[in-house]
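Notes for the structure review
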Amino acid sequence: MTKRILWIDDDYYAIQGLFRPIEKAGYNIDVATSAFDGYIKAQNWKNYDLIVVDLIIPISEEDTVPDVVKNWEKEEKYDCVGIGLASWLLLELYVTCPVIILSVISDPILKYKLENLGLAGSIRKSGLLPTDLKNEIFKILKSKHV
Amino acid sequence: MKNKILGFLKYFSSTLLNAILISLLVIFILWMLQGVPLFSRGQVSLVQTPVVAPSTTSVTPVPLNYNDALHTYELVATTAIQSSERTLNLMVAMFTAIIGLAALAAGAASFLYKTAREADERAKSAEISAQAAKNAAENANQQLTTLSKNYIELNNRYTDTLQNYIEIRNKTLSLDAAIQAREKGEISQDRYIEAQQWNSWHKWVDLSQETGWHELKAHQSQEIGLLPAIRVAIEMELARVFRGKSDADLSQQDKDYKQRLVSLLEIKFNKNI
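Bear in mind the structure is a predicted one, so any value in this text is a computation, not a measurement.

Re the overall build of chain A
Of regular secondary structure, chain A possesses seven helices and five strands. Secondary structure of chain A in N-to-C order comes out as β-α-α-β-α-β-α-α-β-α-β-α. Every one of the 146 residues in chain A was classed for burial, and the buried ones make up 41%. Across chain A, the fraction of contacts at a sequence separation of at least 24, relative to all contacts at a separation of at least 6, is 66%.

A look at the overall build of chain B
Secondary structure assignment for chain B yields seven helices and zero strands. For chain B, the sequential pattern of α-helices and β-strands runs α-α-α-α-α-α-α. Buried residues in chain B amount to 15% of all 273 residues. The contacts of chain B with a sequence gap of at least 6 include a subset with a gap of at least 24, amounting to 67%.

Some details on the interface of chain B and chain A
Facing the 22 residues of chain B at the interface are 23 residues of chain A. Broken down by class, the residue content of the side of chain B that touches chain A amounts to six nonpolar, 11 polar and five charged.

Focus: the confidence of the model for chain A
Segments scoring low in pLDDT should not have their predicted coordinates read at a detailed level. Summarising the model, chain A shows a mean pLDDT of 89, and 96% of its residues fall at 70 or more. Across chain A, element-level confidence peaks in strand 3 (residues 50–53) of chain A with a mean pLDDT of 96 and bottoms out in helix 6 (residues 108–116) of chain A with 85.

Let's talk about the sheet that holds strand 5 (residues 121–124) of chain A
Residues and elements named next belong to chain A. Spatially, the five strands line up as an open sheet ordered 2-1-3-4-5, and their pairing is parallel. Strand pairing shows two members of the sheet lacking a second neighbour, strand 2 (27–32) and strand 5, which therefore form its edges. With direction set aside, neighbouring strand axes in the sheet form an average angle of 20°. Inspection of the sheet shows strand 1 (residues 3–8) paired to strand 2 by six bridges, in the parallel sense. The partner of Ile 5 across the bridge, within strand 2, is Ile 29. Contacts between helix 7 (residues 130–143) and the sheet are confined to strand 3, strand 4 (99–103) and strand 5, with strand 5 contributing the most and set at about 175° to the helix.

Thoughts on the nonpolar core
One finds Leu6(A), Ala35(A), Leu50(A), Ile51(A), Val52(A), Val53(A) and Ala86(A) to be the most contacted residues of the largest nonpolar core, which totals 63 residues. The biggest single contributor to this core is helix 4 (residues 189–206) of chain B, with six residues. Beyond its immediate stretch of four places on either side in the chain, Ile51(A) contacts Leu6(A), Ala42(A), Trp45(A), Leu89(A), Val95(A), Cys97(A) and Val99(A).

Looking at the environment of Arg182(B)
With respect to the secondary-structure elements, Arg182(B) resides in helix 3 (residues 175–183). On a C-alpha basis, the gap between Arg182(B) and Ile193(B) in space is 9.7 Å, while along the polypeptide they are 11 residues apart. Setting aside anything within four residues of it in sequence, one finds Arg182(B) in contact with Leu129(A), Ile187(B), Gln189(B) and Tyr192(B).

Side note on the packing of helix 6 (residues 228–242) of chain B against helix 7 (residues 252–264) of chain B
All names here are of chain B. Following both chains from N to C, one finds helix 6 and helix 7 inclined at 155°, their axes separated by 9 Å at the closest point. Taken together, the axes of helix 6 and helix 7 are roughly antiparallel relative to one another. For the crossing formed where helix 6 meets helix 7, the hand is left-handed. Touching Ile 234, Glu 237, Leu 238 and Phe 242 of helix 6 are Lys 258, Leu 261 and Leu 264, all from helix 7. Considered class by class, the residues forming the contact of helix 6 with helix 7 number five nonpolar, no polar and two charged.

Some remarks on helix 4 of chain B
Residues and elements named next belong to chain B. Taking 1.5 Å per residue as the helical rise, helix 4 with its 18 residues ought to reach 26 Å, and the 25 Å between its terminal C-alpha atoms agrees with that figure. Every buried residue of helix 4 is listed here: Tyr 192, Ile 193, Glu 194, Ala 195, Gln 196, Gln 197, Trp 198, Asn 199, Ser 200, Trp 201, Lys 203 and Trp 204. Positive phi appears at Ser 208, one or two residues downstream of helix 4, with a value of about 55°.

A look at the confidence of the model for chain B
Residues and elements named next belong to chain B. Chain-level statistics for chain B give a pLDDT mean of 75 and a share of 65% at 70 or above. Predicted confidence in chain B is weakest over helix 1 (residues 2–34), with a mean pLDDT of 70, and strongest over helix 7, with 93. Note that pLDDT drops below 50 for residues 39–49; the model gives that stretch 11 contacts with residues more than four away or on any other chain. Segment residues 51–55: pLDDT under 50, and zero contacts once partners within four positions in sequence are set aside and those in other chains are kept.

Here's the deal with the pairing of strand 1 of chain A
Taken together, the four bridges between strand 1 of chain A and strand 3 of chain A define a ladder with parallel strand orientation. Bridged to Leu6(A) within strand 3 of chain A is Ile51(A).

Reading guide: rules and limits
- Residues numbered from 1 in each chain as written.
- Chains lettered and ligands numbered in written order.
- Predicted model: local features only at pLDDT ≥ 70, side-chain atom pairs only at ≥ 80, totals over all residues.
- Helix = DSSP H or I, 4+ residues; strand = E, 2+ residues; numbered from the N terminus.
- Buried ≥ 20, exposed ≤ 12 C-beta atoms within 10 Å, placed from the backbone.
- Contact = placed C-beta atoms within 7 Å.
- Nonpolar A, V, L, I, M, F, W, Y, C, P; charged D, E, K, R; others polar.
- pLDDT = per-residue confidence, 0-100.
- Pairing = 2+ DSSP bridges.
- Axes fitted to C-alpha atoms, helices over the stretch in contact; angles between N-to-C directions.
- Core = buried A, V, L, I, M, F, W, Y, C linked by C-beta atoms within 7 Å.
- Parallel < 35°, antiparallel > 145°, perpendicular 65-115°, else oblique.
- Left-handed = near helix turned anticlockwise from the far one by under 90°.
- Expected span 1.5 Å × (residues − 1).

Laid out in structure tokens, this is it:
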């Protein structure tokens, strides 16, 4: 059975080359380019083997955004919607598939806090190469026995 | 030259008139004190009339003898000579005084004329200097204005050129292309990160996406920080949008945009990294 990854990142079409080695390895990438889009697709989290969240993502361009998603924008310290989304996935949706952060932000304190919430890992996007991403993701999946 | 002569004559005639008036005053005083015989007051008579006693009955003529005639002649001649000498002396004194005063007047006039001419020349010289200074100042101001215009024009051209260069460079190397190029070792790690930063810049500035701004802030806090090309782009954006505008002229939105751009130029390192 083909494994699936939900990738929530507004930059997908600019950086899809990052996931090319993983796709070649047999994974399907399902893309959400906004928090609201991710919120909708994550409702079916059981269909995914891994959820990748970018911390810096827009809420949505649509008007019909539920309050729970709008509140993610009110993160005071980091002003990053992805933090709210990751927290929601782990604390409210109780996803059991691994959730990882892929972002330019690499604050170790934030990383520590999110890991305490159940985050499987975080990968720094700055200067990241496709092979490195593939290796990191495979290492996380292996550690989670996926 | 004609003006100089007229000027001199003006001063000379004025001073000479004064001298003549002073001379006349002197003569009048001398006449009052010494009895100068220019205007006879009756002290000296050139003709001695024989005294004839009034008679009601008959007139007896008194014949003058030779001695009396000689005496009378001598008296008349002496008086005439003395009068002539006095007149001559007075005339000499008067002419001497007039000539002296005229010379003095000429000297004074010459001095005054010279002084006035020098003052005039100095005034003219000062005026010429002032005019020259004014011309120089106007010329310098004009040159400064021209230079300023040239500078602004050159700066605008430089900004436009650089902006075009930045845009072309950004378009030439898309982020996905940079990923592939870096994977193959065709570009350096810095160049790859620069492409990532360009992508964030493009999102924020060109597409007005807030996520681009947050990504740039995140890049700024990395060890490598914002790379020089991005920093130049920020400076050029500041120059392009805000040159010649004071903060008072800016809307709140513009102020926020400017503040964000300026904050990106700060050197920040995340010590926790």
